[in-house]
Amino acid sequence: MSRPVVLIAEELAPSVIAVLGDGFDIRHVDGADRAALLPALAEADAVLIRSATQVDAEALAAAPRLKVVARAGIGLDNVDVPAATARGVMVVNAPQSNVVSAAEQAVALLLACARNIAPANEALKQGKWQRSKWTGVEVADKTVGVVGLGRIGVLFAQRMSAFGTRLIAYDPYISAARAGQIGVKLVSLDELLRESDFISIHLPKTPETVGLIGKEQLAMCKPTVRIVNAARGGLVDEQALADALASGQVAGAGIDVFDKEPCTDSPLFGFDSVVVSPHLGASTVEAQDKAGVAVARSVKLALEGEFVPDAVNVQAGGVVVEEVRPALPLVEKLGRLFTGLAGGVAAQLQVEVRGEVTAHDVSVLQLAALKGVFADVVEEQVTFVNAPALAAERGVEVSLTTDPESPDFRSLITVRGTLPNGDQVSVSGTLSGPRQVEKLTEVDGFDVDLIPAEHLLFFRYADKPGVVGTVGAALGEAQVNIAGAQVSRTSQGGDALMALTIDSAVPGDVLDAIATAIGAQSARYVDLT
């Protein structure tokens, strides 16, 4: 088989290639060159980008094999996430890669602004020794307002604490107790604006946050305030800030991001009290290396069909913890086995999770089950991304139930469904022992203890003598080797289920002949390869 094609569309850290390893066909293209990008996408299984490459609906349409778009950074403004989701393409980023660098950039801008570093530097390089002109202010004992206590805001606050500052913050999505744990007093935005000597903004760009700091908010500030924005352009109204600087309402600013980028002309550029930089928050060697390594790992997981923690368009709650992750392959197999036994798509599907594992968020197990259910049903690739959409398109009602009690196993997962004709099918499994060995424990109400091998056979029939011998002889004659077999029954002479693991596929005519010979109510061969 040919190796998956990984297309690198922008310059990334050398460590990316090392992480990907030798299992991929790595190709390069200039992602900003549309005429080169679109043809290169035709054979790509994954594409790695930064901010210059636009992955829109047109690009996605040009990439029929594409499984994952990986953005080496946080922002996804250049990726059409809804279009990717509709095509079952996973979108991943590196949300943790630049948090330290971004926090440090905000600190650097604040200090540079407080001490007039930029204009003093420029003047001295022009031969002007002007010590009194560039007198600054100390940061110690000042009030620093942090707008947004996300990952970067918290890191910024922790670093500013070391300067002996009083820290206050505005964030409607964090509790006062949590803020208190990091030494920050939670206040309203108006109170923060009135009290702060320095204000640093650490918010995402959303319809609610665009223009959050405008003319009205700047009018509330002390005339000695200095404002830092190293988050996203547009959160501060640049013209309003320039007007406030001109009137003396604001003393200075440190700006790393702009409403329109690249930005080479801004009303802010005319003030000596403003320090600017061209969106350098993530521009450190360490951040770029972290971002490249993170997305390379995500690409490997995605192309191997594994769950990707940093996927932004997967409908699962939060990060998949280590206690849940080993169950993903098992549950996907349960989903495939369910479809194989059902012989079609269910009208209703329920994923039941019991036992110790329910102490964690197990919503991803529903996705794994759906991925397995549709893997052998549809022609397109089935991923954690598009599995819910495939269920919705086919009118399948899906639910997840959990129960901390599991009488027989530490944890147990069941995929149970009702077919359009009213018949019910169920299959259960668990992870056994310290090695977390996958085991099937139940099929249609019959107890089994079976490893879900690549080739499985199931016969439902009325319990009677000679059935095992008949099945074994027929498979032997067809040169199909039996690796393991179990018979489970409701009662002597009642309904019985024979489950077999075999070493190769069973031809359809052989399966039909065996079913006829033993009077089977149903006979199913399930291929899990």
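These numbers come from a predicted model, not from an experiment. (Residues numbered from 1 in each chain as written. Predicted model: local features only at pLDDT ≥ 70, side-chain atom pairs only at ≥ 80, totals over all residues. Heavy atoms only, no water.)

What is the right way to look at the sheet that holds strand β14 (residues 397–403) in this model?
In a beta sheet, neighbouring strands pair by backbone hydrogen bonds and run either parallel or antiparallel. The strand order across the open sheet built from 6 strands is β14-β13-β15-β16-β17-β18, with neighbouring strands paired in mixed fashion. Each of the sheet's edge strands pairs with one partner strand only, and the pair in question is β14 and β18 (446–450). Sheet twist, expressed as the mean angle between neighbouring strand axes with direction ignored, is 20°. Bridge count for strand β15 (residues 411–418) against strand β16 (residues 424–432) is 6 bridges, and the pairing is antiparallel. Its bridge partner lying in β16, Ile413 is registered against Gly429. In the packing of helix α13 (residues 327–342) onto the sheet, contacts are made with β13 (348–355), β15, β16 and β17 (437–443), and the angle to β16 comes to roughly 155°. Each of β13, β14 and β15 touches helix α14 (residues 363–375); the most contacted strand, β13, lies at about 135° to it. (Pairing = 2+ DSSP bridges. Helix = DSSP H or I, 4+ residues; strand = E, 2+ residues; numbered from the N terminus. Axes fitted to C-alpha atoms, helices over the stretch in contact; angles between N-to-C directions. Contact = heavy atoms within 4.5 Å.)

Help me understand the pattern of salt bridges, please; the structure alone is not making it clear to me.
Think of it this way: side chains of opposite charge can pair up when their charged atoms draw near. Enumeration over the complete set of coordinates arrives at 19 salt bridges. Across the salt bridge formed by Lys67 and Asp45, the nearest N and O atoms sit 3.0 Å from each other. On the criterion of sequence distance, the pair formed by Lys67 in the loop between α3 (57–61) and β4 (68–71) and Asp45 in the loop between α2 (34–41) and β3 (46–49) is long-range, its members being 22 residues apart. On the basis of relative accessible area, Asp45 is assigned to the buried category, the value being 5%. (Salt bridge = Lys/Arg side-chain N within 4 Å of Asp/Glu carboxyl O. Buried < 20%, exposed > 50% of the residue type's maximum accessible area, 1.4 Å probe, protein only.)

What is the right way to look at the sheet that holds strand β9 (residues 198–201) in this model?
On the basis of which strands lie adjacent, the open sheet formed by 7 strands has the order β8-β7-β6-β9-β10-β11-β12 and parallel pairing. Whereas interior strands pair on both sides, the edge strands pair on one side only; in this sheet they are β8 (185–186) and β12 (274–276). Pairing between strand β11 (residues 252–255) and β12: 3 bridges, direction parallel. Counterpart to Ile255 in the pairing with β12 is Val276.

Please explain the pairing of β3 as it appears in this structure.
The side chains of a regular strand alternate, residue by residue, between the two faces of the sheet. Burial along β3 is two-sided: the face carrying Ala46 and Leu48 and the face carrying Val47 and Ile49 are both buried. Bridge count between strand β1 (residues 5–8) and β3: 3 bridges; the pairing is parallel. Bridging across to β3, Leu7 finds its partner in Val47. Pairing geometry for β3 and β4, over 4 bridges, is parallel. Following the sheet pairing, Val47 is matched in β4 by Val69.

Could you clarify how one ought to interpret α14 in this entry?
Spacing of three or four residues puts side chains on the same side of an α-helix, whose turn is 3.6 residues. For α14, built from 13 residues, the straight-helix expectation of 18 Å at 1.5 Å per residue is met to within 8% by its first-to-last C-alpha distance of 19 Å. Of the surrounding secondary structure, the elements contacted by the buried residues of α14 are α13, β13, α15 (387–393), β14 and β15. (Expected span 1.5 Å × (residues − 1).)

Help me understand the packing of helix α5 (residues 99–114) against helix α7 (residues 151–161), please; the structure alone is not making it clear to me.
Two quantities define a packed helix pair, namely the angle between the axes and the distance from one axis to the other. In the contact formed by α5 and α7, the axes pass within 8 Å of each other and the chain directions differ by 50°. Regarding the angle of α5 to α7, the classification is oblique. Between α5 and α7 lies a crossing whose hand is right-handed. Taking contact as the criterion, the partners of Val99, Val100, Ala102, Ala103, Glu104, Ala106, Val107 and Leu110 in α5 are, on α7, Arg151, Ile152, Leu155, Phe156, Arg159 and Met160. The class makeup of the residues in the contact of α5 with α7 is 11 nonpolar, no polar and 3 charged. (Parallel < 35°, antiparallel > 145°, perpendicular 65-115°, else oblique. Left-handed = near helix turned anticlockwise from the far one by under 90°. Nonpolar A, V, L, I, M, F, W, Y, C, P; charged D, E, K, R; others polar.)

Honestly, the nonpolar core in this entry has me stumped. Any pointers?
Taken as a class, soluble globular proteins show a tendency for nonpolar side chains to be buried jointly. One finds Met90, Val299, Phe338, Leu365, Ile413 and Phe458 to be the most contacted residues of the largest nonpolar core, which totals 73 residues. No other element matches the 9 residues that α13 contributes to this core. If near-sequence neighbours (up to four positions away) are discounted, Ile413 is found in contact with Ala327, Leu330, Val331, Leu334, Val351, Glu352, Val353, Leu365, Val427, Ser428 and Gly429. (Core = buried A, V, L, I, M, F, W, Y, C linked by side-chain atoms within 4.5 Å.)

So far we have only geometry, and geometry alone does not tell us how the molecule works.
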